[in-house]
Amino acid sequence: MQLRLGIGAILAAIFLVTYATPNWVSTPSNVRNIVLSPLFWPYILGGLTGLIGLGLALSGWRGDPGEPVNDPIPDPGAGAARLVGFAALMAVTFWAMPHLGMVWTSMLAFLALAFLVKTRHPAAAVICAVAVPLILYAFFAHVASVAIPQGELVRLP
Amino acid sequence: MSLYDSVMAGLALVGNLEAFLSLAIGIVIGVVGGAIPGISATMAVALALPFTFPMAPINGILLLLGVYKGGIFGGSIPAILIKTPGTPASSATILDGHPMAERGEAGRALGMALWASCTADFVSNLALIFFAGFLASFALSFGPPEFFALILFSLTIIAGVSGESLLRGALSALLGLLLATIGLDLVYGTNRFTFGDPNLMGGLNFIAVLIGLFAIPEVINMVWHPTGHVGKVQKLGSKWVTFAEYKRCFRSIIRGSFIGVFLGSIPGIGAAPAAFLSYSEARRKSPNKANFGKGEIEGVAASEAGNNGVAGATLIPLLALGVPGDVITAIIIGAFMVHGLQPGPMMFVLNVDIIYGLFIGLILSSGILFIVGGLAIRGFRPVADIPKRILMPMVLVLCIYGVFAVNNNIFDVGVMFAMGWVGFVMGRYHIPAAPFLIAFILGPLLEDNFRQSMLMSGGSPDILLRGPITWFFWTLTVISIVAITRGTLRADRAGG
């Protein structure tokens, strides 16, 4: 784990120093001193990330006795499938909010998540899925005066 | 403004029902949040933050401080009753609290936890009141080089002690600093990693990052392993703590409170080490040391005094220097910012009414915690029975609304989702999230002070060592790095 993390940090640092910073950070042409340039800080951070990555990789390569281990779960395949499902749920939620409105999207996201993790209380899940977004809507829209997205279909008062 | 005027100005702010209710509601939310395994005090504060937006600044901040204090005590309830700490700070409470619960003395253990918590909280609040003003007046003489050295020291110690490894803590802090570079450059206003997107020009929204980092990974963890935690709730029993027992444990409680105050005032240490240190000191000095670990009430008192002693003291660096000492105060600094306030020495000059209002509110909070905590002990069972697979979808929906409400921007919800996955991956690789968040907050401040120093000196780095204050912080930084590295190497050798 430590070795993989270290290699990942080194690769990220190389990418940051050689590509990301020169291409994605703009600097005025009249900056005389490099320490005052907008480029300076990202370069320093990139370099330090590389050094830390090197340290992690070395300690992983030497076989660090303190290397942490994650607790195993009974069904890693199903767990991974659920994670993919949840990532898709997040993407759909993000996309649907401006179209369906935050309240309806939240209701669907609540239900989808509750059933994704196989809730043993489906009736309570349905009640909460309807009630929680409505209560939050009432608070944020009418107390906090936040313009909660209403969507294009059903609009709430 | 004289001290009398300042106190009166503070009283004018908090001497009303609204402020009192904000504090009380905050404590209730905190105790309930801390008592639910999976919703730590940190998550409770993060989730409560968006609800403070429409409130007056003092009421919003008092509510969050109430959540913080309630959450730290609330964590002891599941620690004693179901052997699962509601917050990491309550881990030491399990050692003696749960054996007492197994003997049918849960009510007695919880009662002592409450008394010790309230006493330590009170001591901690007094320490805050006495030391924050003094430290702030000292910090008024800080310039950019001094602040740069101070922030660097804070980040070093936070990265070093927050997790299991200095390297992983440092990587976390560097990632936070990198993320903080997104947006327009502080001096020239040019784009940095914005890809021409106007949503990124102001930088990533702090609240989206923090909720994404601390609440969403809990939801993802539950998706990964939905039946991860099921615990058996012990009965309270008929025995309750007596005043004689409180008196017997008083020395350990006061010692633990001071340990908490001392460790809490150093950025990065946090409540869990304070609880363990207080516990081990109580065991070392107690005539009943043989009973420790087998259900000794003094052990519960010491660990709870240790972790609650931290609660007020972590606000010392926050209010006096503008440096959050732990994750929860990092979230609270967000509340200050949302309300247009900047914690730090200048706040003691410009917003002295708010400072004294907070002090008065904090003193009140110990009493309110005593009442709310007593009720929560008796009403824990329904809280423990909330199904996690209903609770987490609720958390997801709360996060969506809360993050959107900050800027009325759906982009922030996307940032929160992305940060949730970052937090989950960090958790799988045992990279602590606290240095990431604190570095993300302090990053612009660190860079700004560095570049101001360079502008002042015409690019000469000598200015970073210009006086005794900078030397003091640089020395502390070097000592911390050496001590943490030596500790890590020693632990590795012992493990190998």
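Residue positions are given per chain, counting from 1 as you read along its sequence in written order. Here chains are named by letter from A upward and ligands by number from 1 upward, in the order in which they appear as written. The model is predicted, so local features are restricted to residues of pLDDT at least 70 and side-chain atom pairs to those at 80 or more, both for listing and for counting; the totals for chains, interfaces and linings are taken over all residues. To get the side-chain values, all heavy atoms of the structure are used, and hydrogens and water are removed first.

Some remarks on the overall build of chain A
- Scanning chain A from N- to C-terminus turns up 5 helices and 0 strands.
- Each helix is a run of H or I in the DSSP string that is no shorter than four residues. Each strand is a run of E no shorter than two, and both are numbered from the N terminus. Starting at the N terminus and ending at the C terminus, chain A contains elements arranged as α-α-α-α-α.
- Taken over C-alpha atoms, the radius of gyration is set against a globule rule of 2.2 Å times the number of residues to the power 0.38. Here the C-alpha radius of gyration of chain A, 24 Å, is well above what a compact globule of 157 residues would show, namely 15 Å.
- Relative accessible area decides the class of each residue, using a 1.4 Å probe on protein chains only: under 20% of the type maximum gives buried, over 50% gives exposed, and in between gives partly exposed. The proportion of buried residues among the 157 residues of chain A is 43%.
- Carbon together with sulfur atoms contributes 72% to the accessible area of chain A, which is approximately 8,300 Å² in total. Each accessible area value is a Shrake-Rupley result obtained with a 1.4 Å probe; residue values ignore everything except the protein chains displayed when judging cover.

Concerning the overall build of chain B
- Assigned secondary structure in chain B consists of 24 helices and 2 strands.
- Here chain B has a C-alpha radius of gyration of 22 Å; the compact-globule value for 496 residues is 23 Å, and the two agree.
- Projected onto its principal axes, the C-alpha coordinates of chain B cover approximately 70 × 60 × 50 Å.
- Out of the 496 residues in chain B, the part that is buried amounts to 62%.

Here we look at the interface of chain B and chain A
- Two residues form a contact once any of their heavy atoms are found within 4.5 Å. Listed by partner, the interface residues are 66 residues for chain B and 75 residues for chain A.
- Once two parts are joined, some of their accessible surface, as seen by a 1.4 Å probe, is lost; buried area is that loss totalled over both. Summing both partners gives a buried area of about 6,200 Å² for chain B against chain A, and 79% of it is carried by carbon and sulfur.
- Among the residues chain B hides against chain A, the three largest losses belong to W224(B), R389(B) and Y401(B). Together they make up 13% of the total.
- Any carboxyl oxygen of Asp or Glu within 4 Å of a side-chain nitrogen of Lys or Arg constitutes a salt bridge here. Connecting chain B to chain A are 0 salt bridges.
- Pairing of N or O atoms within 3.5 Å defines a polar contact, subject to two protein rules: one partner must be a possible hydrogen donor and the other a possible acceptor, and residues neighboring in sequence count only if both atoms are side-chain atoms. At the boundary of chain B and chain A, one finds 12 residue pairs in polar contact (both at pLDDT 80 or more).
- Listing elements by their share of the side of chain B that touches chain A, those giving two or more residues are α9 (166-180), β2 (191-192), α12 (216-224), α21 (388-407), α22 (410-428), α23 (433-457) and α24 (468-495) of chain B.

What to know about the packing of aromatic side chains
- Think of it this way: a Phe, Tyr or Trp ring, Trp meaning its six-membered ring, pairs with another when their centres are within 6.5 Å, and the plane angle makes it stacked under 30 degrees, edge-to-face over 60, tilted otherwise. By the definition in use, this model includes 26 aromatic pairs over all chains.
- Ring geometry for F15(A) and W24(A): centres 5.8 Å apart, planes at 70 degrees, overall edge-to-face.
- Taking the relative accessible area as the measure of exposure, F15(A) reaches 42% and is therefore partly exposed.
- In this structure W24(A) comes out as partly exposed when scored by relative accessible area, which is 30%.
- On the numbers, 5.2 Å between centres and 75 degrees between planes, the contact of W115(B) with Y246(B) is edge-to-face. Separated by 131 residues along the polypeptide, W115(B) in helix α7 (residues 106-139) and Y246(B) in helix α13 (residues 243-264) bring together distant segments of the chain.
- Since its relative accessible area comes to 21%, W115(B) is described here as partly exposed.
- Through a chain of ring-to-ring contacts, the aromatic side chains of F138(B), F142(B), F147(B), F153(B), F472(B) and F473(B) assemble into a single cluster.

Topic: the pattern of salt bridges
Residue and element names in this part refer to chain B.
- For the structure on display, the rule yields 14 salt bridges over all chains.
- Note that D121 is salt-bridged to K69, the shortest N-O span being 2.5 Å. A residue pair is termed long-range when its members are at least 10 positions apart, and D121 in helix α7 and K69 in helix α4 (residues 57-74) qualify at 52 residues. Of the two residues, D121 and K69, neither departs from the other in class, the shared state being buried.

Here we look at the domain arrangement of chain A
- In this document the domain limits rely on a domain assignment from an automatic tool or a database. Per the domain assignment, the segments of chain A are domain 1 (2-61) and domain 2 (76-143).
- Computed over C-alpha atoms only, the centres of domain 1 of chain A and domain 2 of chain A are separated by 38 Å.

Section: the side chain of S172(B)
Residues and elements named next belong to chain B.
- Looking at where S172 falls in the secondary structure, it is placed in helix α9.
- In this structure S172 comes out as buried when scored by relative accessible area, which is 0%.
- Excluding residues that lie within four positions of it along the chain, S172 makes contacts with M426, I431, P432, A433, P435 and F436.

Notes on the side chain of D121(B)
- According to the relative accessible area criterion, D121(B) is buried, its value standing at 0%.
- Residues in contact with D121(B), not counting those within four places in the same chain, are K69(B), N308(B), A311(B), S365(B), S366(B) and L369(B).

Side note on the packing of α4(B) against helix α15 (residues 297-313) of chain B
All names here are of chain B.
- An axis is simply a line fitted to the C-alpha atoms; with a helix, the fit covers only the stretch in contact. Between two such axes, the angle follows the N-to-C directions and lies from 0 to 180 degrees. Where α4 meets α15, the axes come as close as 10 Å, and the angle between the chain directions of the two elements is 170 degrees. The orientation of α4 relative to α15 falls into the category roughly antiparallel. Along the contact surface, α4 presents Y68, K69, I72 and F73, while α15 presents E304, N307, N308, V310, A311 and G312.
- Residues are grouped as follows: Ala, Val, Leu, Ile, Met, Phe, Trp, Tyr, Cys and Pro are nonpolar; Asp, Glu, Lys and Arg are charged; all remaining types, including Gly, are polar. For the contact of α4 with α15, the per-class residue count stands at 5 nonpolar, 3 polar and 2 charged. Oblique is the label for every angle not falling under 35 degrees (roughly parallel), over 145 degrees (roughly antiparallel), or within 65 to 115 degrees (roughly perpendicular).

Details of the nonpolar core
All names here are of chain B.
- Within the largest apolar cluster, 212 residues are counted, with the highest numbers of intra-cluster contacts made by M416 and L437.
- Of the residues forming this core, the biggest block, 15 residues, is contributed by α7.
- With residues up to four places along the chain from it excluded, the contact list for L437 reads F206, V209, L210, L213, F214, V327 and A330. We call a set of buried residues a nonpolar core when its members are Ala, Val, Leu, Ile, Met, Phe, Trp, Tyr or Cys and they connect through side-chain atoms within 4.5 Å of each other.

Things to note about the environment of G53(A)
Residue and element names in this part refer to chain A.
- Considering the arrangement of structural elements, one finds G53 in helix α2 (residues 40-61).
- Among the residues examined, G53 registers a relative accessible area of 0% and is labelled buried.
- A C-alpha to C-alpha distance of 8.6 Å links G53 and L11, two positions 42 residues apart in sequence.

Side note on α23(B)
Residue and element names in this part refer to chain B.
- Helix span, expected: 1.5 Å multiplied by one less than the number of residues in the helix. With 25 residues, α23 extends 35 Å between its outermost C-alpha atoms, agreeing within 8% with the 36 Å of an ideal straight helix rising 1.5 Å per residue.
- Fitting one axis to the seven residues ending at a residue and another to the seven starting there, the bend at that residue is the angle between the two axes. By the largest-angle criterion, L442 marks the main kink of α23, which is about 45 degrees, and a proline, P444, follows within four residues.
- G458 sits one or two positions beyond α23 and adopts a positive phi of about 70 degrees.

Here's the deal with a nonpolar patch on the surface
Residues and elements named next belong to chain A.
- Here the term patch refers to residues with relative accessible area over 30% and no salt bridge, with like charges joined within 9 Å and nonpolar side chains (Val, Leu, Ile, Met, Phe, Trp, Tyr) within 5 Å. A cluster of nonpolar side chains, contributed by L3, I7, L11, I14, I44, L48, L51, L54, L58 and W61, occupies part of the molecular surface with about 980 Å² of accessible area.
- At the level of secondary structure, the elements contributing two or more residues to the nonpolar patch comprise α1 (2-24) and α2.
- Top contributing element to the nonpolar patch by residue count: α2, with 6 residues.
- Locating L54 in the fold gives a position in helix α2.

So, helix α1 (residues 3-14) of chain B
Residue and element names in this part refer to chain B.
- Its 12 residues give α1 an end-to-end C-alpha distance of 17 Å, which sits within 8% of 16 Å, the value for a rise of 1.5 Å per residue.
- The complete set of buried residues in α1 reads S6, G10 and V14. Down the axis of α1, the sector holding all buried residues measures 60 degrees, keeping them to one side. Turned more than 90 degrees away from the buried face of α1 sit Y4 and A12, all of them exposed.
- Against the buried residues of α1 lie α2 (17-35), α4 and α19 (352-378). The arc in question is the one traced by the directions running from the helix axis out to the C-beta atoms.

Digging into the packing of α4(B) against α19(B)
All names here are of chain B.
- Across the interface, α4 lies against α19 with an axial gap of 9 Å and an inter-helix angle of 40 degrees. By the angle class used here, α4 and α19 are oblique. Judged by the twist between their axes, the crossing of α4 over α19 is right-handed. In contact with I58, I61, L62, L65, K69, G70 and F73 of α4, α19 contributes I354, G357, L358, G361, L362, S365, L369, G373 and I377.
- Residues of the contact of α4 with α19, tallied by class, amount to 10 nonpolar, 5 polar and 1 charged. By convention the crossing between two helices is left-handed if the near helix lies anticlockwise of the far one by an angle smaller than a right angle, and right-handed if it lies clockwise.

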